[in-house]
Amino acid sequence: MGTAKQTYQFKTEVQQLLKLIINSLYSNQDIFLRELISNASDAIDRLRFKAQTDPDILDGDGEFKIKITVDSDNRTIEIADNGTGMTHDEIMENIGTIAKSGTTAFLEVLEKSKKESAFTPELIGQFGVGFYSAFIVADEVTLITRAAGSDTAVKWWSQGDGEYAIEDTEKEGRGTTVILKLREKEEGEKDFAEEWTIRDIIKRHSDFISYPIVMDVEREEPVLDAEGKPVKEDQILDQDGKPIGPEKNKTIRVTKEETLNSMKAIWARDKKDISDQEYNEFYKHISHDWEDPMERLHFKMEGTTEYSALLYIPSQAPFDLFNVDRKHGVNLYSKRVFIMEDCKELIPEYMRFVKGVVDASDLNLNVSREILQQDRLVRNIRKNMLKKLFDLLSKMEDETYDKFYDAFGQVLKEGVHTDFDNREKISHLIRYKTTRSEDKWVSLKTYVENMKADQKEIYYITGDNLSALLNSPHLEKLKEKEYEVLLMTDPVDEWVTQSLPEYEGKPFKSAEKGDLDLDDVDEKKKDEYNSLFEFIKSELEENVKEVKPSTRLKHSVSCLSGNAQDMSAYMEKILQSSGQSPEKAKRILELNMEHPALTQFKTLFEKDQEDSRLKDYSHLIYDMAVISEGGKIDDPADFSKRVGELMADAMAQPE
Ligand code: ADP
């Protein structure tokens, strides 16, 4: 760590992000203050949490606050907190980059938005780019910070133009001060160098912040005498010695620190006194989302398990929903005092999209995470809250629920596998696209209601591509019979089907595994094909454990299936892509005895078993089955060569 100034380039994606922020958020300028105050409040929360186990870290300063200083002459705003502060390394890690996990996701969104030429603030909001929002209003941002427990401070500054600089500096007291040099105000824009503009924004966006947001204000105050009585202004007298005008108190100008926010914990207030806007602002603070939430749940429980909760369901999935290190959304308080963020014990993994606050009055303030896990109160809260959430989800209007499911269905489904006690409840909430409804979600209840009179099972097929599944040869017979099939396209579905054997007494059945028992196989015909099947099997020994007539196929020649307990092709693919190498299971090659290609194959086979084409066709039939289920064939070039030859042959032969 050197003391000298060092200059760095922003990462490319940050440069792009900055450009977007500056260009697309001009209609939403106010939010910069909310974001910076949120960061300050988070930094104090973090310090406070650390201080519970290490009180020395406070170093005598336990009077937490966020101080705003507006200098209208020089057009600067300062936001200073006495929270954790940052070390040199932490600055390098946090400011100037987008969190590692977010970069790819961000670039994807960027790419998409270019195509649709509609990069909305909501899209940016997903990435928690709070700090950068300073550049909406500032043409230079300086951050001076001193980490709690450190004696050196660091200064970071940038004009948002692609570069930033860092150097060591000095600072009194720990914490972070962000200084914004405001841009010239343009016609019609608010003047952020005005004290009342800042007051107004804080009142609207940050009133509930639980630390005082203070500002020095100059005020006229009455001058008091030794007895505390107001001293009167010298009065001007007329010619007769009578005072002109009323008697006035003498005043002087004093500077006073004023608290601008009410600090009222919104969750502790009465529902009927809270406006939608207040609820939404609070959501934005805790979630770092820029959009209003989809739903909220605010309630108080009384009795043995006393607590209040304010929970939200976001309206869009954050980019890092599937990142294992991702923070959960529920913060824990006791009697309005912050205990910890990201309280995983309060809400199961499969509800990790829920954001909010739980305030349990009987909880020990010094409670550790280890203790929380065994705490009965916490367990009860969790159970109770989960019940409320299930209730909320099941009562959501269809249209809203579909949107919810688009965003979070994949996460919710994990619960089928991980939460045995609530499996049934979750099973009512899961939805699938089906062969009959490729655009709209279908519930299992609706599926069962629509089952054909002679249909006994719930059919499903798994794979990563909806249209490939929809056209899968495995479904040909099922479609003919008009049996609806669930199209399962999420990896987690493999676990769902393993953990959910039935729904309302109807067993689940894979369309690609085991016998479908849809039609009886013509035994006599089967015997006629026996020796051909034996031949094909010996040709494909490496990949195929059995060759048999299919009851699944209608238009296609071949498909691959497995025994009921075999791993599905999709599962194999998932395991492979996660770096595991499952033993490649041999599959069953099913052939359509009704297909002319197969009848011809049989004729050729019976005419001359030495015909070299028999070997080629066996491999071709196998490759076709692999391709039709979206798999990769071993030798695509060879496949293509064979098909080319076949085409040439077919066209050369006269009718
Ligand atoms: P987010 O707050 O969504 O994580 P930001 O870009 O606003 O994104 O901030 C990035 C990180 O920088 C924060 O997660 C935090 O670690 C750090 N940070 C920002 N502001 C402060 C502050 N006032 N005090 C301490 N750390 C801060």
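Cut-offs used in this document
- Residues numbered from 1 in each chain as written.
- Predicted model: local features only at pLDDT ≥ 70, side-chain atom pairs only at ≥ 80, totals over all residues.
- Heavy atoms only, no water.
- Helix = DSSP H or I, 4+ residues; strand = E, 2+ residues; numbered from the N terminus.
- Rg over C-alpha atoms; globule rule 2.2 N^0.38 Å.
- Buried < 20%, exposed > 50% of the residue type's maximum accessible area, 1.4 Å probe, protein only.
- Contact = heavy atoms within 4.5 Å.
- Areas by Shrake-Rupley, 256 points an atom, 1.4 Å probe, with all protein chains shown as cover.
- Pairing = 2+ DSSP bridges.
- Domains from an automatic or database assignment.
- Buried area = accessible area lost by both parts, 1.4 Å probe.
- Phe/Tyr/Trp six-rings, centres within 6.5 Å; stacked < 30°, edge-to-face > 60°.
- Axes fitted to C-alpha atoms, helices over the stretch in contact; angles between N-to-C directions.
- Parallel < 35°, antiparallel > 145°, perpendicular 65-115°, else oblique.
- Nonpolar A, V, L, I, M, F, W, Y, C, P; charged D, E, K, R; others polar.

**Points about the overall build of the protein chain**
A tally of regular secondary structure across the protein chain gives 21 helices and 23 strands. For the protein chain, whose C-alpha radius of gyration is 34 Å, the value lies well above the compact-globule estimate of 26 Å for 655 residues. Along the three orthogonal principal directions, the C-alpha set of the protein chain runs to about 140 × 60 × 50 Å. Expressed as a percentage of the 655 residues in the protein chain, the buried residues total 49%. Of the contacts made within the protein chain by residues no fewer than 6 positions apart, 72% connect residues no fewer than 24 positions apart. With an accessible surface of roughly 33900 Å², the protein chain has 46% of that area assigned to carbon and sulfur atoms.

**Considering the pairing of strand 7 (residues 175–182)**
Taken across its eight residues, strand 7 has six buried, putting it largely inside the fold. In this structure, strand 3 (residues 76–81) lies alongside strand 7, joined through six bridges in antiparallel fashion. Note on strand 7: the bridge partner recorded for Thr-76 is Lys-181. As paired strands, strand 4 (residues 138–146) and strand 7 are joined by eight bridges and run antiparallel to one another. The partner of Val-141 across the bridge, within strand 7, is Leu-180.

**Topic: the domain arrangement of the protein chain**
Looking at the protein chain, the domain boundaries give domain 1 (6–212), domain 2 (218–259), domain 3 (268–399), domain 4 (426–510) and domain 5 (523–652). Once you take the C-alpha centre of each, domain 4 and domain 5 turn out to be 26 Å apart. Buried surface at the junction of domain 4 and domain 5, summed over both partners, amounts to about 1400 Å²; 58% is from carbon and sulfur atoms. Looking at the side of domain 4 facing domain 5, the largest losses of area belong to Pro-473, His-474 and Glu-476, adding up to 41% of the total buried there.

**Side note on the packing of aromatic side chains**
For the structure shown, the criterion picks out 25 aromatic pairs. Measuring from centroid to centroid gives 5.7 Å for Tyr-529 and Phe-533, while their planes differ by 45 degrees, and the two rings are tilted. Taken as a pair, Tyr-529 and Phe-533 lie in helix 17 (residues 523–539) at a separation of four residues, close to a single helical turn. The class of Tyr-529 is buried, set by a relative accessible area of 1%. Residue class for Phe-533 comes out buried when judged on its relative accessible area of 3%. Measuring from ring centre to ring centre gives 6.1 Å for Phe-601 and Tyr-617, while their planes differ by 85 degrees; the resulting arrangement is edge-to-face. Placement of the pair is Phe-601 in helix 19 (residues 596–607) and Tyr-617 in helix 20 (residues 613–628), with a sequence separation of 16 residues. Under the relative-accessibility criterion, Phe-601 is labelled buried at 4%. On the basis of relative accessible area, Tyr-617 is assigned to the partly exposed category, the value being 21%. Taken together, Tyr-8, Phe-10, Phe-131, Tyr-132, Trp-156 and Tyr-164 form an aromatic cluster joined through their ring pairs.

**Remarks on the sheet that holds strand 5 (residues 153–158)**
With mixed pairing, nine strands are arranged side by side in an open sheet as 1-6-5-4-7-3-2-8-9. The two strands at the open ends of the sheet, each matched to only one other strand, are strand 1 (6–9) and strand 9 (251–259). Across the sheet, the mean angle from the axis of one strand to that of its neighbour is 25 degrees, orientation sign disregarded. Where helix 2 (residues 31–53) meets the sheet, it contacts strand 2 (66–71), strand 3, strand 7 and strand 8 (213–222), and its direction lies at approximately 20 degrees from that of strand 3.

**A few points about the packing of helix 17 against helix 19**
Where helix 17 contacts helix 19, the two axes come as close as 10 Å, and the packing angle between them is 85 degrees. Regarding the angle of helix 17 to helix 19, the classification is roughly perpendicular. Here Glu-528, Tyr-529, Ser-531, Leu-532, Phe-533, Phe-535 and Ile-536 of helix 17 come into contact with helix 19, specifically with Leu-598, Thr-599, Phe-601, Lys-602, Phe-605 and Glu-606. Classifying every residue of the contact of helix 17 with helix 19 gives eight nonpolar, two polar and three charged.

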